[in-house]
Amino acid sequence: MGILIAAFLALATMALHGGTAEMDEDHQTIYRCGRLAPRGDGPATSSQPLPLRQFWLASPDPRFAQGSASAAWNDDFLFVTATLEDRDIFNALRGWNEPFYLAGDIFEILIRPLDGVAYYEFHVTPHGDVLQLRYPGPSAIADFRESGGKPEDLIKTFRIEERLVEARTEIHAGKNFWTAHVKIPASLLAKDGKFRRGDKLLVSFCRYDHTRGQPAPVLCSTSDHRVCSFHRQAEWRMAVLE
């Protein structure tokens with residue numbers, strides 16, 4: 001257990017501390033998110049993939065593997081797709097709402113409505129297992145720590161027990177990549193439970209790329225983080241539903 005807690009603290013320190021270059025009036029980078037065609041077989045308008053990068057580094061970690069993520073929407077769901085190069089595709093944990101990021105590869109989604117306060121964190125493993133977390137506000141994690149919360153209890157405190165997010169994954173081990181297809185209900189993010197053209201979400205797509213035998217995963221994000229801290233919302237992208 002001591003090793004698990006130490007690993008948790010190391011990763012939390014790293015992780016908690018793309019599209020066009022357009023900026024809105026608040027200097028948030030804009031990502032234009034296409035609406036799905038009526039048959040749901042692809043965006044009716046363009047949703048360009050966002051590259052996963054290590055913006056906080058002058059040059060990428062030598063172990064860094066390429067990846068990208070994109071999103072599209074309809075009235076009821078946001079659909080996120082990630083394609084991730086990976087020389088060692090694995091996660092040793094299976095199940096639901098587990099700390100998968102400590103045990104192997106994950107794709108991570110951080111998201112909130114622009115006019116909201118609460119935000120969500122979703123993890124998906126190569127096997128399609130999901131962790132769902134909801135934070136009541138941007139200071140929730142700091143408040144939890146300041147109140148004496150233990151690292152091993154963080155997930156228990158913020159996880160969503162009801163299965164809300166759907167994930168489908170494909171492992172292409174022979175070609176060294178895997179894909180994740182994630183379906184997020186509008187009921188979590190839209191005021192009346194329906195997305196509409198012009199809605200705005202703050203989003204960040206991230207990754208923990210573990211390799212067996214290596215002491216720590218390689219982290220990357222679609223956000224222009226100046227330090228490796230995934231919850232810095234000012235650096236997330238603004239997804240505008242078109």
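Everything discussed here concerns the structure shown above.
Residues numbered from 1 in each chain as written. Predicted model: local features only at pLDDT ≥ 70, side-chain atom pairs only at ≥ 80, totals over all residues. Heavy atoms only, no water.

1. Examining the overall build of the protein
Per the secondary structure count, the protein includes three helices and 12 strands. Here the protein, with 242 residues, has 49% of them falling under the buried criterion. (Helix = DSSP H or I, 4+ residues; strand = E, 2+ residues; numbered from the N terminus. Buried < 20%, exposed > 50% of the residue type's maximum accessible area, 1.4 Å probe, protein only.)

2. Some details on the pairing of strand β9 (residues 177-185)
Of the strand pairs in this sheet, strand β4 (residues 77-85) and β9 are connected by nine bridges, and their pairing is antiparallel. By the bridge assignment for β9, Leu 84 is matched with Trp 178. As judged from the seven bridges shared by strand β8 (residues 166-172) and β9, these two strands associate in the antiparallel manner. Of the residues in β9, the one forming a bridge with Glu 166 is Lys 183. Taken together, β8 and the strand that follows it, β9, pair antiparallel across an intervening segment of four residues, in which Asn 176 is found at a positive phi of about 60 degrees. (Pairing = 2+ DSSP bridges.)

3. A short note on the pairing of β4
Along β4, the buried face is formed by Leu 78, Val 80, Ala 82 and Leu 84; none of Phe 77, Phe 79, Thr 81, Thr 83 and Glu 85, which line the opposite face, is buried. Pairing of strand β3 (residues 67-73) with β4 involves seven bridges; the strand directions are antiparallel. Bridging across to β4, Ser 68 finds its partner in Thr 83. Connecting the antiparallel pair β3 and β4 is a turn made up of three residues.

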